[in-house]
Number of protein chains: 2
Amino acid sequence: MRVAVDAMGGDFGPSVTVAAALSALARHPTLDIVLVGNEGRLRETLDGHANYDPTRLTVESAEQVVEMHERPSSALRHKRESSMRKSIDLVKSGQAQAAISAGNTGALMAMASFVLKTFPEIERPAICAALPGLGAPTYVLDLGANVDSSSSQLFHFAVMGAVLAETVGQRPRPRVALLNIGEEEIKGNDRVKQTDLLLRQSALNYVGFVEGNDIFTSSVDVIVCDGFVGNVALKASEGVARMLSQLARDAFTRNWRTKLAAMGAQGPLRELRHRADPGRYNGASLLGLRGIVVKSHGSADSRSFAHAISVALREIEEAIPERISRQIEDLLAHNPKP
Amino acid sequence: MRVAVDAMGGDFGPSVTVAAALSALARHPTLDIVLVGNEGRLRETLDGHANYDPTRLTVESAEQVVEMHERPSSALRHKRESSMRKSIDLVKSGQAQAAISAGNTGALMAMASFVLKTFPEIERPAICAALPGLGAPTYVLDLGANVDSSSSQLFHFAVMGAVLAETVGQRPRPRVALLNIGEEEIKGNDRVKQTDLLLRQSALNYVGFVEGNDIFTSSVDVIVCDGFVGNVALKASEGVARMLSQLARDAFTRNWRTKLAAMGAQGPLRELRHRADPGRYNGASLLGLRGIVVKSHGSADSRSFAHAISVALREIEEAIPERISRQIEDLLAHNPKP
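Residues numbered from 1 in each chain as written. Chains lettered and ligands numbered in written order. Predicted model: local features only at pLDDT ≥ 70, side-chain atom pairs only at ≥ 80, totals over all residues. Heavy atoms only, no water.

**Here we look at the sheet that holds strand S1 (residues 2-6) of chain B**
Residue and element names in this part refer to chain B.
- With mixed pairing, 11 strands are arranged side by side in an open sheet as S3-S2-S1-S4-S11-S10-S5-S6-S9-S7-S8. Here the strands that pair on one side only, and so sit at the sheet edges, are strand S3 (57-61) and strand S8 (206-210). When strand polarity is set aside, the average angle formed by the axes of neighbouring strands in this sheet is 25°.
- Bridge count between strand S5 (residues 126-131) and strand S10 (residues 284-287): 3 bridges; the pairing is antiparallel. From the neighbouring strand, cysteine 128 faces S10, where its bridge partner is serine 285.
- Where helix H2 (residues 39-47) meets the sheet, its contacts fall on strand S2 (32-37) and S3, and the angle it forms with S3 comes to roughly 155°. (Pairing = 2+ DSSP bridges. Helix = DSSP H or I, 4+ residues; strand = E, 2+ residues; numbered from the N terminus. Axes fitted to C-alpha atoms, helices over the stretch in contact; angles between N-to-C directions. Contact = heavy atoms within 4.5 Å.)

**Side note on the interface of chain B and chain A**
- Taken together, the contacts link 57 residues of chain B with 55 residues of chain A.
- Buried surface at the junction of chain B and chain A, summed over both partners, amounts to about 4900 Å²; 73% is from carbon and sulfur atoms.
- Here Glu271(A) makes a salt bridge to Arg254(B), at a shortest N to O gap of 2.6 Å.
- On the surface where chain B and chain A come into contact, there are 6 residue pairs in polar contact (both at pLDDT 80 or more).
- Those elements giving two or more residues to the side of chain B that touches chain A turn out to be helix H7 (190-201), helix H8 (227-252), helix H9 (256-264) and helix H10 (266-275) of chain B.
- Among the elements that take part in the side of chain B that touches chain A, H8(B) stands out by supplying 21 residues, more than any other. (Buried area = accessible area lost by both parts, 1.4 Å probe. Salt bridge = Lys/Arg side-chain N within 4 Å of Asp/Glu carboxyl O. Polar contact = N/O pair within 3.5 Å; in protein donor to acceptor, adjacent residues only side chain to side chain.)

**A few points about the nonpolar core**
- Among the nonpolar cores identified, the biggest contains 167 residues, and Leu141(A), Met160(A), Val224(A), Leu141(B), Met160(B) and Val224(B) are the most heavily contacted of them.
- Dropping the residues within four chain positions of it, Val224(B) is found in contact with Leu141(B), Leu154(B), Phe157(B), Ala158(B), Val176(B), Ala177(B), Leu178(B) and Leu179(B). (Core = buried A, V, L, I, M, F, W, Y, C linked by side-chain atoms within 4.5 Å. Buried < 20%, exposed > 50% of the residue type's maximum accessible area, 1.4 Å probe, protein only.)

**Topic: the confidence of the model for chain A**
- Residue-level pLDDT values for chain A average 91, and 97% of them are 70 or greater.
- Confidence estimates for the predicted assembly give a pTM of 0.91 and an ipTM of 0.88. (pLDDT = per-residue confidence, 0-100.)

**A look at the side chain of Glu315(B)**
Residues and elements named next belong to chain B.
- Structurally, glutamate 315 can be placed in helix H11 (residues 302-317).
- Put simply, glutamate 315 is tucked away with no salt bridge, and the nearest opposite charge, on arginine 314, sits 9.1 Å away.
- Filtering out sequence-adjacent residues up to four positions away, glutamate 315 remains in contact with Leu164, Val168, Ser285, Ile292, Val294 and Ile320. (Lys, Arg positive; Asp, Glu negative; His and termini not counted.)

**Some words on the pairing of strand S11 (residues 292-295) of chain A**
Residues and elements named next belong to chain A.
- The alternating pattern of S11 places Ile292 and Val294 on one face and Val293 and Lys295 on the opposite face, and all of these are buried.
- Looking at chain direction, strand S4 (residues 98-101) and S11 are connected through 4 bridges and run parallel. In the sheet register, alanine 98 faces S11, and the bridge partner there is isoleucine 292.
- Between strand S10 (residues 284-287) and S11, which pair antiparallel and follow one another directly, the connecting turn spans 4 residues, one of which, glycine 288, has a positive phi of 105°.

Listed below in structure tokens is the structure:
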């Protein structure tokens, strides 16, 4: 297996991506990695790490970098020599089986769509991530690749999420649900109602509507929503988690008594930090494309970024793009066309 | 001041609403409350409480109850004798200045809209709540009264939220923001972009786009969004908070060591529970109507329900409905019609 890592992406660039690549290589003996980025900076960072196998870790030079707040259309036009674009090009040319980037999501989406293209049955790609819950994580999509999705697009998202949950997530017959603002049939907008009909008629294990709180209860395996809604839900959730962790920090550092209490509670606090750490689930998949692209959170540390690499490896093993294409063809053949 | 309390609504009915009414009366010497509901049950619950002033706390009999999962249209048609409907009727007839209910949100919205009506300039009412943040709470609307809102409706929501933040929230020139999935102008759907234009042209203190996480950073005073998005964001946030509190409980009750640590950390844990308690912010306002209606969370305890009552009192003091109507008239007179 060979993957391309956009080594310049994310808030920390090579200091995170190189360390993550090295730890992924150590963990996966059959893996090769191409680090794409500024050769000088990458060599320099690599020099700080002893003992890596230069036949398994190569550097592909790329002189441009996509900025975190650059417009996707501008990046697409003007950043053809960027580490992001060249990572995707390596997937297109077959020199890598997946690309992983912590860079600008919109630019990554635009470049991946432009270079790799979607399968003919699939109108739009979607971003899917496994979000942590009380039990098993839930695959939620779309998390922001699209702002206005038709019911047939939402139907495709459901199929793509189900493939990911079944294979990478190891859930046989994954339960697929549609995000709505009420469990009753009467609620929701027209698009949600139409998608509900399509899903009811399909061979998917569709369980109906869920609400926002169900993202975190592990009660279903896949939750489908419009990218606008999914992105807001994701960011709102991150916001609450960050607020609560800040409040906890405040409460435990107020004075010497509370600091003492925090020392006494180190064990459970560490466990809590670990279980609530979104980095453990880092790595969102761009689904629907003729190639594997995984997006890491921009603020990921090297351990989280390594997790994003391992998500890409699981997708390679399961041949996710081909499976998605086949599954959608099958469902469309046996079902009324959405 | 006189308010009507739907005493049968919510998960706990009179056991919560009666206690909350009594505590609100104790706190507000100029307040009268009408408890609306099953007279027998209310008298029985009241008998458990000594020392209340029967001239300030009266009972209005209502034989029907709106069920928590009843369809709004059905409740509207068949529950004219319900505690919810009769509470709103009291506002309509001027016998009460506000109604407070912990019952079925959709039914409350439908009944309040039908009975009280919106002001002529306002197309649709919206649900607005102050959500907790690291600093001051942020007023977010719409939280689910509507599933598809036009840009002119979203503009009205902005005005209504700003009035609430300025008066009840005591924020001079409240900063109003539009919820989007990116801070850049290019992102977002057409409706969001159109609303952005309307807000830029208005006299509101409009600060542009924010993302989901900004709901909890106290960086703006008012966040405007579509009811579908707002409801999902709200419920997703509640879901994360519930998950994290469950994880914390698990971590601190794992064994005798962690239980001991929890005892040692009682102080900070109590502070955290208090600061993160959404009940402290209970009470969502139905805005845009010709009368004051406040929705309590269905699972509110008596302290939280009493907070919802106090939200209604603040709105009476500030004459929120009239202020909203005037403010929208003013803005429409001085601005291009949205």
